[in-house]
Number of protein chains: 2
Amino acid sequence: MDAYTPTTRSKVKRLHERAKYDRDSVFAILDASILCHVGYVIEGQPYVTATAFWREGGTLYWHGSAASRMLRTVEKGVPVCFTASLLDGLVLARSGFHSSMNYRSVTAFGTAHALKGEREKDKALLAFSEKLHPGRWDEIRPSTSQELKGTTVVAMEIEEAVAKARSGPPNDDEEDYAMDVWAGVIPVRTVIGAPEDDPRLKPGIAAPDYLKRIRIG
Amino acid sequence: MDAYTPTTRSKVKRLHERAKYDRDSVFAILDASILCHVGYVIEGQPYVTATAFWREGGTLYWHGSAASRMLRTVEKGVPVCFTASLLDGLVLARSGFHSSMNYRSVTAFGTAHALKGEREKDKALLAFSEKLHPGRWDEIRPSTSQELKGTTVVAMEIEEAVAKARSGPPNDDEEDYAMDVWAGVIPVRTVIGAPEDDPRLKPGIAAPDYLKRIRIG
């Protein structure tokens, strides 16, 4: 199956030309992101928690302390709305109405479950590390049994998802193009800065090459 | 009142040293953000929608098409969880367990209502424009009555809110500092690029000065 089948949860009605349901479009935006927002409900109250995530195939993973309210809730298998959003620019049109933002976002729906066992958790955390900075996992201290016990890793198979994006210049009303006002796009970019050494870094340890290959956005 | 009073919704138990409830801390993060994630519930299903927002005093505003499912839902006064998050860096510790992210985030709770009347909406949209690029509102075409009718602007007074942030180098286990592995922070920054002229920009119109003062992040 190359595309998700939208139900009323994910089917975009308004500006539907901005929506795509194929896996390639969804995965491309997910893979450019590291931060997601996880939405869940406790006794009718919505909660939205920002957290790091990673993807393998059609499954999304995130993790944290076993004491986290968010993780203790979603691991029960309650409905989850997962959103990853990247802001790409401000679109300054010749009217407020047509002013907009360039962005890429994915909204995915599903239910999550906690990975069982230390080995399964460790393997998932390895995948996260390898996605971000391949090779680093072998250099750092292995997780202890106690650390893995205190860590919850959840997996959510994507049941349905939609990718939404806007790009390009403003779409102004035809008569407004004659106005004497600047219009265009102010790009917004996520930039990775130069590595900052830990003040307690052992002397003589250089920043590894994999740091140069970290990409977000 | 200088601080929000947390209930179980916003009280941070784990890593509580990262949490602040005072308005200055909350407002500073909100004012550095333009994108938020709005969480709401329809028939038990959580939804999270990314959208632009702005703040006036202790009230948050966002807007969009009157046909938007998110706006049609939240304007009814249902419980909303509002989150704004800024990623500041990847924290590469000497173990996976202590690896982390530097970030700033606000989670706010409340109920929203729709602004009534074209004048009230237009005044709110003016405030949004002035926050982003002071002076531009006077240059662009005024909103038409039909545009304002088709736009919903909602306001949500913050009932309670928490600001959470992490900054600085890794906090490794004492014995791990002796390891021969690089550790430190990979900064992640939001950068505003050079303005891109609309391809249909009228000849002779220069980019206005207020574009240089746009700040996000």
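Residues numbered from 1 in each chain as written. Chains lettered and ligands numbered in written order. Predicted model: local features only at pLDDT ≥ 70, side-chain atom pairs only at ≥ 80, totals over all residues. Heavy atoms only, no water.

A few words now on the interface of chain B and chain A. With 85 residues of chain B at the contact, the number on the chain A side is 84 residues. Note on chain B versus chain A: buried area summed over both sides is about 7100 Å², and carbon and sulfur give 61% of it. The largest per-residue losses of area from chain B upon contact with chain A belong to Arg 141, Trp 182 and Arg 200 of chain B, which jointly make up 10% of the total buried on that side. Inspection of the chain B/chain A interface yields 12 salt bridges. Between Arg 200 of chain A and Glu 174 of chain B there is a salt bridge; the shortest N-O distance is 2.5 Å. (Contact = heavy atoms within 4.5 Å. Buried area = accessible area lost by both parts, 1.4 Å probe. Salt bridge = Lys/Arg side-chain N within 4 Å of Asp/Glu carboxyl O.)

Another point: the packing of aromatic side chains. Counting across every chain of the model gives 12 aromatic pairs over all chains. Summarising the aromatic geometry, the rings of Trp 54 of chain A and Phe 128 of chain A are spaced 4.4 Å apart at their centres and angled 15° between planes, so their arrangement reads as stacked. Linking Trp 54 of chain A in strand β3 (residues 45–56) with Phe 128 of chain A in helix α3 (residues 118–132), this pair joins segments that are 74 residues apart in sequence. Given the relative accessible area of 1%, Trp 54 of chain A is considered buried. Where Trp 62 of chain A meets Phe 82 of chain A, the ring centres are 5.8 Å apart and the plane angle is 40°; that geometry is what we call tilted. Highlighted residues: Trp 62 of chain A in strand β4 (residues 59–65) and Phe 82 of chain A in strand β5 (residues 79–92), separated in sequence by 20 residues. Summarising the burial analysis for this pair, Trp 62 of chain A and Phe 82 of chain A share the class buried. One aromatic cluster is present, built from ring pairs that chain together Tyr 40 and Tyr 47 of chain A together with Phe 109 of chain B. Here Arg 55 of chain A stacks its cationic end above the ring of Phe 27 of chain A, 3.9 Å away from the centre of that ring. (Phe/Tyr/Trp six-rings, centres within 6.5 Å; stacked < 30°, edge-to-face > 60°. Helix = DSSP H or I, 4+ residues; strand = E, 2+ residues; numbered from the N terminus. Buried < 20%, exposed > 50% of the residue type's maximum accessible area, 1.4 Å probe, protein only. Lys NZ or Arg CZ within 6 Å of the ring centre and 35° of its normal.)

Topologically, Ser 95 of chain B is positioned in the loop between β5 (79–92) and β6 (100–114). Reaching out from Ser 95 of chain B, the side chain makes a polar contact with the backbone nitrogen of His 98 of chain B at a distance of 3.3 Å. (Polar contact = N/O pair within 3.5 Å; in protein donor to acceptor, adjacent residues only side chain to side chain.)

With an RMSD of 0.0 Å, the fit of chain B onto chain A corresponds to turning through 180° and sliding 0.0 Å along the axis. Such a combination of rotation and displacement between the chain copies is what one expects of a two-fold axis. The position closest to the rotation axis in chain B is occupied by the C-alpha of Thr 190 of chain B, lying 2.4 Å away. Looking at the interface residues of chain B, 99% of them are also at the interface in chain A, so both copies use one shared face. (Least-squares fit on C-alpha atoms with pLDDT ≥ 70 in both.)

All right, on to the confidence of the model for chain A then. Looking at chain A, the pLDDT average stands at 96 and 100% of residues meet or exceed 70. The ipTM for the predicted assembly is 0.95, set against a pTM of 0.96. (pLDDT = per-residue confidence, 0-100.)

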